[in-house]
Amino acid sequence: MAAKITDDAIVEYLEERQIYIKLQQAMEALAIHKPDNPCGFLKNYFDPAKTTCKTTHRVIILGPPCSGKSTMCSLLSKRLGGRLICAERNNQTLGSTEVIESVRTQLQQCSNDSWVLDDFPSSELEAFSLRISPDCLPTVVIDLQLPLDTVLSRSASELERDQLKKRYDVYKINRPAYFKVFEYCIRVIDCTDLSMQDIEARVMAIITGAGTVKNSSNEVLPRGPAIIDEQAERVAYTMSRAPNTRPTIESVN
């Protein structure tokens, strides 16, 4: 639990200079580089004249089907200059060992570079698999929210709508696990009435750390980038505290 800070001047200082964001990024750099001398590493990290570390963005885009995840991942990989990594499922079941190992291998190959991960994780097991290695940990996870009726309205075929409904249900079952695994960096955007351009702008604002977050008690939360949709975040926070139901691992075409 973060300590409450009531002095408005201190709060303003921390927000203006993005202190919590910088500290979070420093901790992530420690996890990535694992230096033998962490104090010396941090000294160099915060000294622009000495540091050799570059800013890396490791982004995961989550959301129900038809929420624009793959489109957003493609846009982000170009804007961030990072590698686009896609889960090659080939009709394999969610949580497949082959899929997990393939994704983790690709992430470890670009351990010092930015990356954007598409179509992964899609199950609780896949989400927890990313915690095994620091090279696989994201710096930010963004959940693109769409209601079921909006998702179904994007298909004209009854058969496709049935498939979308199944995929949507799998996503909803696994969603609490995502908030448990990525609690330190997950953010929510309600995309219901947003264009792709608007979504991209909000996603980039989150990734670049546009501000900090305060709750109703004026407590500054050391959670890095700003939460764009506060109402959606409150719902997500409640879901993350709900009893976790382990999802059924099934093939979803």
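As a starting point, this report considers the structure included with it. What you are looking at is a predicted structure, and each value in this text was computed from that prediction instead of being measured. Starting from 1, residues in each chain are numbered consecutively following that chain's sequence as written. The model is predicted, so local features are restricted to residues of pLDDT at least 70 and side-chain atom pairs to those at 80 or more, both for listing and for counting; the totals for chains, interfaces and linings are taken over all residues. The side-chain values count all of the structure's non-hydrogen atoms but skip hydrogen atoms and water molecules.

Focus: the overall build of the chain
Part 1 of the reasoning: Helix and strand definitions here come from DSSP, where helices need a minimum of 4 consecutive H or I residues and strands a minimum of 2 consecutive E residues; each element is numbered from the N-terminal end. Across its full length, the chain holds ten helices and seven strands.
Part 2 of the reasoning: In the chain, buried positions account for 46% of the 253 residues.
Part 3 of the reasoning: Put simply, 71% of the contacts in the chain that link residues at least 6 apart link residues at least 24 apart.
Part 4 of the reasoning: Just so you have it, the chain exposes about 13,100 Å², and 51% of that area is on carbon and sulfur atoms. Classification of residues uses two cut-offs on accessible area relative to the type maximum, computed with a 1.4 Å probe and protein chains only: under 20% is buried, over 50% is exposed, and between them is partly exposed. Contacts are residue-level and defined by heavy atoms, with any inter-residue pair within 4.5 Å sufficient. Where accessible areas are quoted, they stem from the Shrake-Rupley method and a 1.4 Å probe; at the residue level, only the protein chains shown are allowed to cover.

Some words on helix H8 (residues 158–181)
Part 1 of the reasoning: One less than the residue count of a helix, multiplied by 1.5 Å, gives the span that helix is expected to have. The end-to-end C-alpha distance of H8 is 35 Å, a good match for the 34 Å that 24 residues give at a rise of 1.5 Å each.
Part 2 of the reasoning: Taken as a whole, H8 has its buried residues at Leu164, Tyr168, Val170, Tyr171, Asn174, Arg175, Pro176, Ala177, Tyr178, Phe179 and Val181.
Part 3 of the reasoning: In protein, a polar contact requires one atom able to donate a hydrogen and another able to accept it; more generally it is a pair of N or O atoms within 3.5 Å, and residues adjacent in sequence count only if both atoms are side-chain atoms. Between a side-chain oxygen at the N-terminus of H8 and the backbone nitrogen of Leu159 the separation is 3.3 Å; the capping residue is Ser157.

Quick word on the sheet that holds strand S4 (residues 140–145)
Part 1 of the reasoning: On the basis of which strands lie adjacent, the open sheet formed by five strands has the order S2-S3-S1-S4-S5 and parallel pairing. In this open sheet, the two strands that pair with only one neighbour each are strand S2 (83–86) and strand S5 (186–190). Strand after strand, the sheet turns through a mean of 20° between neighbouring axes, direction not considered.
Part 2 of the reasoning: Note: S2 against strand S3 (residues 115–118), four bridges, orientation parallel. The partner of Cys86 across the bridge, within S3, is Asp118.
Part 3 of the reasoning: Axis angles are defined between N-to-C directions and span 0 to 180 degrees, where every axis is a line fitted to C-alpha atoms and, for a helix, only to the segment in contact. The strands touched by helix H5 (residues 97–109) are S2 and S3; relative to S2, the strand with the most contacts, the crossing angle is about 170°.
Part 4 of the reasoning: Strands in contact with helix H9 (residues 196–207) are strand S1 (58–62), S4 and S5; relative to S4, the strand with the most contacts, it is inclined by about 155°. The pairing criterion is simple: DSSP has to find at least two bridges between the two strands.

Section: the pattern of salt bridges
Part 1 of the reasoning: By convention in these notes, a salt bridge is any Lys or Arg side-chain nitrogen within 4 Å of a carboxyl oxygen on Asp or Glu. Throughout the structure, instances matching the rule amount to five salt bridges.
Part 2 of the reasoning: Among the ionic pairs, Asp169 bridges to Lys165, the shortest N-O distance being 2.9 Å. Residue Asp169 and its partner Lys165 are both found in helix H8; the two are separated by four residues, about one turn of the helix.
Part 3 of the reasoning: Assessed through its relative accessible area of 32%, Asp169 is described here as partly exposed.

Here we look at the packing of helix H4 (residues 69–80) against H9
Part 1 of the reasoning: Where H4 contacts H9, the axes come no closer than 11 Å and their chain directions differ by 50°. In this view, H4 runs oblique relative to H9, as classed from their interaxial angle. As H4 packs across H9, the resulting crossing turns out to be right-handed. In contact with Thr71, Met72, Leu75, Leu76, Arg79 and Leu80 of H4, H9 contributes Met196, Ile199, Glu200, Val203, Met204 and Ile207.
Part 2 of the reasoning: Here the residues of the contact of H4 with H9 sort into nine nonpolar, one polar and two charged. Angle categories are assigned with fixed cut-offs, so that under 35 degrees is roughly parallel, over 145 is roughly antiparallel, 65 to 115 is roughly perpendicular, and the rest are oblique. Crossing handedness is defined as follows: a turn of the near helix away from the far one that is anticlockwise and smaller than a right angle gives a left-handed crossing, while the clockwise case is right-handed. Residue polarity is assigned by list, with Asp, Glu, Lys and Arg as charged and Ala, Val, Leu, Ile, Met, Phe, Trp, Tyr, Cys and Pro as nonpolar; anything else, Gly included, falls into the polar class.

A closer look at unusual backbone geometry
Glycine aside, a negative phi is what most residues show, and trans is what most peptide bonds show.
Part 1 of the reasoning: Put simply, Phe120 and Pro121 share a cis peptide bond, and its omega is 0°.
Part 2 of the reasoning: Positive phi is not limited to glycine here, since Cys66 has a value of about 65°.
Part 3 of the reasoning: Along the chain, the position of Cys66 falls in the loop between S1 and H4.
Part 4 of the reasoning: Overall, the relative accessible area of 33% leaves Cys66 in the partly exposed class.

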